[in-house]
Amino acid sequence: MLYCIIGIDRPDSLPLRKQARPAHLQRLETLRDQGRLILAGPNPAVDSPDPGRAGFSGSLIVAEFESLEAARAWADADPYVAAGVYAEVSVKPFIKVLP
């Protein structure tokens with residue numbers, strides 16, 4: 001089943017994001033290579049494709065996992081969690097309707 005993982009950044013998380021980004025992307029690339037990643041990306045803190053020093057307010061990942069528990073375990077092991085980027089992470093089942 002698909003699950004959405006929603007991470008909400010803590011204030012002033014940009015330096016932590018930059019530091020943990022390579023490891024975070026590596027895990028996403030593994031999901032992609034396994035054919036399990038639907039989409040992933042950050043939410044800019046301002047209305048711009050390049051938020052600059054404003055940074056990001058969070059991230060969204062939609063991917064396939066065996067269960068809600070497996071999705072939560074994957075999310076809990078994310079480098080952004082370990083680095084303290086996220087103030088909060090939620091994991092919810094997701095049903096893709098379109099496209």
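Note that the structure is a prediction, hence the values are computed from the model and not measured. (Residues numbered from 1 in each chain as written. Predicted model: local features only at pLDDT ≥ 70, side-chain atom pairs only at ≥ 80, totals over all residues. Heavy atoms only, no water.)

### As for the packing of aromatic side chains
Defined as follows: Here a Phe, Tyr or Trp ring, Trp counted by its six-membered ring, pairs with any other such ring whose centre lies within 6.5 Å, and the pair is stacked when the planes are under 30 degrees apart, edge-to-face when over 60, and tilted otherwise. With a 1.4 Å probe rolled over the protein chains alone, any residue whose accessible area is under 20% of its type maximum counts as buried; one over 50% counts as exposed, and the rest are partly exposed. In this scheme, the term charge over a ring applies when either NZ of a lysine or CZ of an arginine sits within 6 Å of the ring centre and within 35 degrees of the ring normal.
Inspection of every chain in the model, using the stated rule, returns 3 aromatic pairs. Pairing Phe65 with Trp74 gives two aromatic rings, centres 5.7 Å apart and planes at 50 degrees, and the pair type is tilted. With relative accessibility at 13%, the residue Trp74 sits in the buried group. On the numbers, 5.7 Å between centres and 80 degrees between planes, the contact of Tyr80 with Tyr86 is edge-to-face. Side by side, Tyr80 and Tyr86 carry an identical accessibility label, which is buried. Through a chain of ring-to-ring contacts, three or more aromatic side chains come together here, namely Tyr3, Phe65 and Trp74. Directly above the aromatic system of Trp74 lies the positively charged group of Arg27, at a separation of 4.0 Å from the ring centroid.

### Some words on helix 2 (residues 68-76)
The cut-off we apply is this: Secondary structure elements are defined from DSSP: runs of H or I of at least 4 residues count as helices, runs of E of at least 2 residues count as strands, and each element is numbered from the N terminus. Taken from the helix axis, the directions to the C-beta atoms give the arc we talk about. Residues are treated as being in contact if the distance between any of their heavy atoms lies within 4.5 Å.
Restricting attention to buried positions, one finds in helix 2 the residues Ala70, Ala71, Trp74 and Ala75. The buried residues of helix 2 occupy one face: seen down the axis, they fall within an arc of 135 degrees. Exposed side of helix 2, more than 90 degrees from the buried face: Glu69 and Asp76 are the residues found there. Looking at the buried residues of helix 2, the elements they touch are strand 1 (2-9), helix 1 (14-33), strand 3 (56-64), helix 3 (79-83) and strand 4 (86-94).

### What to know about helix 1
What counts, and what does not: In a helix, the anticipated span is given by 1.5 Å times the number of residues less one. We define the bend at any residue as the angle between the axes fitted to the seven residues before and including it, ending there, and the seven starting there.
Between its terminal C-alpha atoms helix 1 stretches 27 Å, which fits the 28 Å expected from 20 residues at 1.5 Å a residue. When the local axis directions of helix 1 are compared, the greatest deviation, roughly 55 degrees, occurs at Ala20, which is followed within four positions by the proline Pro22. Regarding helix 1, the residues found buried are Leu14, Arg17, Ala20, His24, Arg27, Leu28 and Leu31. Two residues or fewer past helix 1, Gly35 is found with a positive phi of approximately 75 degrees.

### Regarding the sheet that holds strand 3
Quick note on the threshold: Two strands are said to pair when DSSP picks up at least two bridges between them. Comment: axis = line fitted to C-alpha atoms, over the contacting stretch for helices; angle = value between 0 and 180 degrees taken between N-to-C directions.
One open sheet holds the 4 strands; their spatial order is 2-3-1-4, and the pairing between them is antiparallel. Pairing within the sheet leaves two strands with one partner each, and these edge strands are strand 2 (37-44) and strand 4. Here the strands of the sheet are splayed against their neighbours by 10 degrees on average, with no regard to which way each runs. Pairing between strand 1 and strand 3: 7 bridges, direction antiparallel. Across the sheet, the residue bridging to Gly7 is Ser59, located in strand 3.

### Remarks on the pattern of salt bridges
Inclusion rule: Only one rule defines a salt bridge in this text: a Lys or Arg side-chain nitrogen within 4 Å of an Asp or Glu carboxyl oxygen.
All told, the structure shown has 4 salt bridges when counted by the stated rule. Notably, a salt bridge pairs Asp33 with Arg32, separated by 3.0 Å at the nearest N-O pair. For Arg32, a relative accessible area of 49% gives the class partly exposed. Where Arg36 meets Glu66, a salt bridge forms, and the shortest distance between an N and an O atom there is 3.9 Å.

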